[in-house]
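Results of the structural survey
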Amino acid sequence: MKSPTRPEIPPSTNNRWKVVLRNTIYILTALLIFLFALDLMISSLQYLGKTAAETIILATSNPFTGLFIGLLVTAIIQSSSATTSMAVALVASGSLTLQSAVPIIMGANIGTTITSTIISLGFITKKKEFRRAVAAGTYHDFFNILTVVILFPLEYYYGFLSGMAQYFATTFFNEPIGPVKNDFSFLGGGFSPIIKLLINGINNGFVIALVAIALLFGSILFFRKVLTDLLGFGSQEQFQRFFFRSPMKSFAWGVLTTAAIRSSTVTTSLVVPLVAKKVVKLRAAVPFILGANIGTTITAFIAATFNSNAAISIAIAHFLFNFIGVVIFFPIPFIKEIPINLANGLGRLTLKYRLSGFLYLLVAFFFIPFSLIYLNKNAVTVRELVYERSDPGSDVKSFYKIIVKNYENRQVSSWTVYDRMTDMEDDPHKIISAYRRKNMLFINNEVFELNKPGFCRDGEDKEGKYQICVREIIPHMVLSPTLSQDSVYVFEKRAYSLSSDSSTNWSYISARDNLIVRKEKRDKYGRVLTREELSSVEVK
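Computed from a predicted model, the values in this text were never measured in an experiment.

**Section: the overall build of the protein chain**
When you go through the protein chain residue by residue, the secondary structure sums to 16 helices and twelve strands. Long-range pairs, those at least 24 residues apart, make up 64% of the contacts in the protein chain between residues at least 6 apart in sequence.

And the structure:
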């Protein structure tokens, strides 16, 4: 006689919740270790070479070089936020112009994708997983590279992003008060006490970097194991439905999670093992990655709110770069396929030649930037100008210095003004942009039209309306026995408003070198009250 079969007892609700809670704790633990490892890596590399990185950025010659310097620095320290924060600090302090900083931000956007590419190499032991991981890891690379290919020429020739960013910053934002903060940390600096303790205890940036790399790859391997075990509970469809059910939902989750975690590096890197393990397809993950690109700019806006107008301008430029890229590569079907096909193509190539992934990493992030920086090292001329400030009514004289950078094949230059004759250890007094278009010379907000004598034009500045006229053209102007300038235009600027001070400002502009060689303030009788004159020029 057969014993009656016992009916299957469904798992209790408590057991089900225990499984969910356990897996949640595992995933959060892996994520926290991952975040801590990234924070530790950034801190250790900044500890090793923060001064060197700032020196590299300050040495930026032209926008083309700046693009690859931003890429290279970010690839080395593996954080675009760290590079961006340094650029923000330098612009806000007056050491770098907004126009010079925008290409660095573009390069940082490419450089930050190196993390997801490195993580994809962790799947090299499994062929098919490696192919999918490389495709997922490099999609972000190709998206940013293609966006740079489109936007960089517009910025290089027309100042597209910097001009728009400056317009929005001055039109819609008031200039905030407060110092620039140059620290960055995931999760708002929650790991800072532990990281500071480790740095002070070990006191060796190289060892700390090795520990960070070990923790980073350990957390990825742990996350991969947890994910594999999690799929055994049949939650793959639930996971995909929750995050990747539709493109717009996936895009929104990318924005929200990146804004919450404060790093597109983390969110885009976490997509790599999901695609590698076939939890989600690359096409479904693309909107999430693009959303992460938008979400990462929110942190910059929050930080910029407490900094200077320059910081807001950079935050807006960063947002515009990512936003325009998303507008181009998200809704347009044909164009949308280009970065996907490039990423899948590289993935298929790694299936045949596994070392091609390493080769791509070395060539794209290190060899090309180093080579192009070297080839463009002479694309700028740097001159040190010394001006003498004097009052004809007294014997008191003072000097100040301007460092002028002229960019090859561009009628634009930047003037860094140091109010005192120092070795540039002090912060600059101000930075002036000069731009020449045919016979129009723009020096900050002033316009000098190189026309025939007697020509006048009206203008307006913060002091009111004025008229500026060309009084004469000096063919050859001798400033000293060793210094002279050709084709010097003499401009007189006179205010329309009548006042007791009816003085006029005279500017002597060199048409050949686009420089102010002399500035004078004269009273109504034509007597010189103050004078500033170029006294020496040294090519660096």
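**Things to note about the packing of aromatic side chains**
One pass over the full model with this rule turns up eight aromatic pairs. With a centroid separation of 5.8 Å and an interplanar angle of 40°, the aromatic rings of Phe-152 and Tyr-156 are classed as tilted. A residue pair is termed a helical-turn pair when its members lie 3 or 4 positions apart in one helix, as Phe-152 and Tyr-156 do in helix α6 (residues 127-158) at four residues. Between Phe-251 and Phe-330, the aromatic rings sit 5.4 Å apart at their centres with planes inclined by 15°, giving stacked as the arrangement.

**Here's the deal with helix α15 (residues 333-352)**
Taking 1.5 Å of rise per residue, 20 residues should cover 28 Å, and α15 covers 29 Å from first to last C-alpha, within 8% of that figure. Taken together, the buried positions of α15 are Pro-339, Ile-340, Ala-343, Leu-346, Gly-347 and Thr-350.

**Concerning the pattern of salt bridges**
Evaluated as defined, the whole model comprises 15 salt bridges. When the shortest N-O distance is used, the salt bridge between Asp-513 and Arg-512 registers 3.3 Å. Among the ionic contacts, a cluster of salt bridges with common partners joins Arg-518, Glu-520, Arg-522, Arg-531 and Glu-533.

**Let's talk about unusual backbone geometry**
In this model, Ser-487 sits at a positive phi of 50°, which is unusual for a non-glycine residue. Positionally, Ser-487 belongs in strand β9 (residues 483-495). Ser-487 sits in the partly exposed class, given a relative accessible area of 33%. Of note, Asn-514 is a non-glycine position whose phi angle comes to about 55°, a positive value. By the secondary structure assignment, Asn-514 is in the loop between β10 (504-510) and β11 (515-522).

**Thoughts on the nonpolar core**
With 67 residues, the main nonpolar core has Met-106, Tyr-139, Leu-161, Leu-282, Leu-290 and Phe-365 as its most contacted residues. Looking at which element gives the most residues to this core, the answer is α6, with 13 residues. Leu-290 has contacts with Tyr-139, Phe-143, Phe-251, Val-326, Phe-329 and Phe-330, leaving out every residue within four places of it along the chain. Formed by 32 residues, the second largest nonpolar core is a distinct cluster that contains Ile-432, Ile-468, Ala-511 and Leu-534.

**Details of the packing of helix α4 (residues 98-111) against α6**
Where α4 contacts α6, the axes come no closer than 9 Å and their chain directions differ by 170°. As judged from the angle between their axes, α4 and α6 are roughly antiparallel. Across the interface between the two elements, Gln-99, Val-102, Pro-103, Met-106, Asn-109 and Ile-110 of α4 pack against Asn-144, Ile-145, Val-148, Leu-151, Phe-152 and Glu-155 of α6. Grouping the amino acids of the contact of α4 with α6 by side-chain chemistry returns eight nonpolar, three polar and one charged.

**Structural notes on the pairing of β9**
For strand β8 (residues 464-480) and β9, the ladder comprises twelve bridges, and the chain directions are antiparallel. From the neighbouring strand, Glu-472 faces β9, where its bridge partner is Val-490. Between β8 and β9, which pair antiparallel and follow one another directly, the connecting turn spans two residues. Here β9 runs beside β10; their pairing, made up of six bridges, is antiparallel. If you follow Glu-492 over to β10, its bridge partner there is Trp-506.

**Re α4**
Its 14 residues give α4 an end-to-end C-alpha distance of 20 Å, which sits within 8% of 20 Å, the value for a rise of 1.5 Å per residue. Buried residues dominate α4, accounting for 13 of its 14 residues.

**A closer look at the side chain of Glu-520**
Assignment of secondary structure puts Glu-520 in strand β11. One polar contact links Glu-520 to Arg-531, side chain to side chain, over a distance of 3.0 Å. Filtering out sequence-adjacent residues up to four positions away, Glu-520 remains in contact with Thr-504, Asn-505, Trp-506, Tyr-508, Val-528, Thr-530 and Arg-531.

Reading guide: rules and limits
- Residues numbered from 1 in each chain as written.
- Predicted model: local features only at pLDDT ≥ 70, side-chain atom pairs only at ≥ 80, totals over all residues.
- Heavy atoms only, no water.
- Helix = DSSP H or I, 4+ residues; strand = E, 2+ residues; numbered from the N terminus.
- Contact = heavy atoms within 4.5 Å.
- Phe/Tyr/Trp six-rings, centres within 6.5 Å; stacked < 30°, edge-to-face > 60°.
- Expected span 1.5 Å × (residues − 1).
- Buried < 20%, exposed > 50% of the residue type's maximum accessible area, 1.4 Å probe, protein only.
- Salt bridge = Lys/Arg side-chain N within 4 Å of Asp/Glu carboxyl O.
- Core = buried A, V, L, I, M, F, W, Y, C linked by side-chain atoms within 4.5 Å.
- Axes fitted to C-alpha atoms, helices over the stretch in contact; angles between N-to-C directions.
- Parallel < 35°, antiparallel > 145°, perpendicular 65-115°, else oblique.
- Nonpolar A, V, L, I, M, F, W, Y, C, P; charged D, E, K, R; others polar.
- Pairing = 2+ DSSP bridges.
- Polar contact = N/O pair within 3.5 Å; in protein donor to acceptor, adjacent residues only side chain to side chain.

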